[in-house]
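For reference, the chains in residue letters:
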Amino acid sequence: MIAQEQAAIDKAVEVIIGDISALWITLAAILVFFMQAGFTLVEIGFTRSKNSGNIIMKNVMDLAVGSIMFWAIGYAIMYGSDLVGGGFFRSSPSNEGYFFFSAKDWHNLLFQTVFCATAATIVSGAIAGRTKFSTYLIFSAILTTIIYPISGSWYWPFDSNAWLNNAGFVDFAGSSVVHAVGGSAALVASILVGPRIGKYVNGKAQAIPGHNMAFGALGVFILWLGWFGFNGGSQLSWGGENTISATSVIINTNLAAAIGAIAALFFTWARYGMADISMTLNGALAGLVGITAGCGAVNAWGALAIGLFCGIVVVLSIELIDKKLKIDDPVGAISVHGVCGFLGTVFVGLFALDGGLFYGGTGKLLWVQFYGSLSYIIWAATTSFVVLFILKKTMGLRVSELEEVEGLDLHEHGIEAYPEHISLDK
């Protein structure tokens, strides 16, 4: 009798923990959903006012198109139980309910949907101010339906059929799975679209200041807040030890962002002779991206080290890409998400408490982290190039010179984000 009562109690506790975990994942997904507003504000603030409405539309459509396509197709490709191409990607049998999702774990669908939308919207900022809206919509749909779900299936199902999971790869919340994929796609898109008019004169990079740093700062604050759901929710459970783990992940996330901002501040202060606002904001984002892979694998000191490195590297990377490589990225998306996504993933091989080189590891984890992240970069860059090259030769990627000069708001959407008598650009 006692044994039966204890079994009943254990079952009830299990159900309660399951419900609380589903609630936590849902709340975390809502925070990540709110990050879309943060990305929108950062992109608007860091670019010219005449393209603000276009940026709003791209970010809204990233979420809208991504939500439909991931529900209909992407989730099944990423999480289905049937293997295709020896496990290169997945499919879902009809009784599983992942195509046109009808299974029961709706909270997981919501959580993964907003992650997918994040990967897509990274590209938006890197090609702001000169890209056709129609072409961008097609690319965003392909990224959320095919490119992101296929590479996501290599690791995040966390089962024996995910080849990077079998290799021991660690990417807790997506420094590579989400951010390096988006950053690599952004790099290819920026190259194929080309720089904004007036960005390079006689081979020299010209500054094109963003029109509203207040918007940029507000966007970073929203992203910083949303990242607590991005990383903390990736614990995928709440209760007991999982509560401790999830909250420690959130603390690691906050520490990395904080030190990333501080590192960028003092580095630019020493380098430029002034405290650079945009670089400091990007330093915080770099710390957030960098810690996303290892937030559940490192301690607080490891989080500080990763955030510190990323906060400095993002400044050097933005300079290199802009001035040496002459790739026009108005918001620094390639450096923040691509470069720091890769570095953050590799740094797990150094700072992870279990297997990290600085904690008694043999170097095996470091190697796995390196080739695992590189696999995501190569995949995203290659597939993005193929898709964008075809679009360039058929529909075209870039608006006309007149449209670019007068602004995409007017020519793509027939309205300006600001009244005519107000000009926020110098």
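What this report covers is the structure whose coordinates are included nearby. Just so it is clear, the model here is predicted, and its values are computed rather than measured.

### Describing a nonpolar patch on the surface
So, step 1. On the surface, Ile68, Trp71, Phe99, Phe100 and Trp106 cluster together to form a nonpolar patch covering roughly 530 Å² of accessible area.
So, step 2. Within the secondary structure layout, Phe100 lies in the loop between strand E2 (89-91) and helix H3 (106-126).
So, step 3. Here Phe100 falls in the exposed class, since its relative accessible area comes to 51%.

### Thoughts on the pattern of salt bridges
So, step 1. Applying the stated criterion to the full structure yields five salt bridges.
So, step 2. We note a salt bridge from Glu404 to Arg398, for which the minimum N-O separation is 2.9 Å.
So, step 3. Residue class for Arg398 comes out partly exposed when judged on its relative accessible area of 26%.

### Re the packing of aromatic side chains
So, step 1. Following the criterion strictly, the structure yields 30 aromatic pairs and no others.
So, step 2. Summarising the aromatic geometry, the rings of Phe342 and Phe370 are spaced 5.9 Å apart at their centres and angled 70° between planes, so their arrangement reads as edge-to-face. Of this pair, Phe342 sits in helix H11 (residues 333-351) while Phe370 sits in helix H12 (residues 364-394), and the two are 28 residues apart along the sequence.
So, step 3. Geometrically, the ring pair formed by Trp367 and Tyr371 is edge-to-face, given 5.3 Å between the ring centres and 65° between the ring planes. Of the two residues, Trp367 and Tyr371 are both situated in helix H12; the distance of four residues between them amounts to about one turn of the helix.
So, step 4. The class of Tyr371 is partly exposed, set by a relative accessible area of 23%.
So, step 5. Following the ring pairs from residue to residue traces out a cluster consisting of Phe88, Phe89, Trp154, Tyr155, Phe158, Trp163, Phe169, Tyr376 and Trp379.

Reading guide: rules and limits
- Residues numbered from 1 in each chain as written.
- Predicted model: local features only at pLDDT ≥ 70, side-chain atom pairs only at ≥ 80, totals over all residues.
- Heavy atoms only, no water.
- Patch = residues over 30% accessible without salt bridge, like charges linked within 9 Å, V, L, I, M, F, W, Y side chains within 5 Å.
- Areas by Shrake-Rupley, 256 points an atom, 1.4 Å probe, with all protein chains shown as cover.
- Salt bridge = Lys/Arg side-chain N within 4 Å of Asp/Glu carboxyl O.
- Helix = DSSP H or I, 4+ residues; strand = E, 2+ residues; numbered from the N terminus.
- Buried < 20%, exposed > 50% of the residue type's maximum accessible area, 1.4 Å probe, protein only.
- Phe/Tyr/Trp six-rings, centres within 6.5 Å; stacked < 30°, edge-to-face > 60°.

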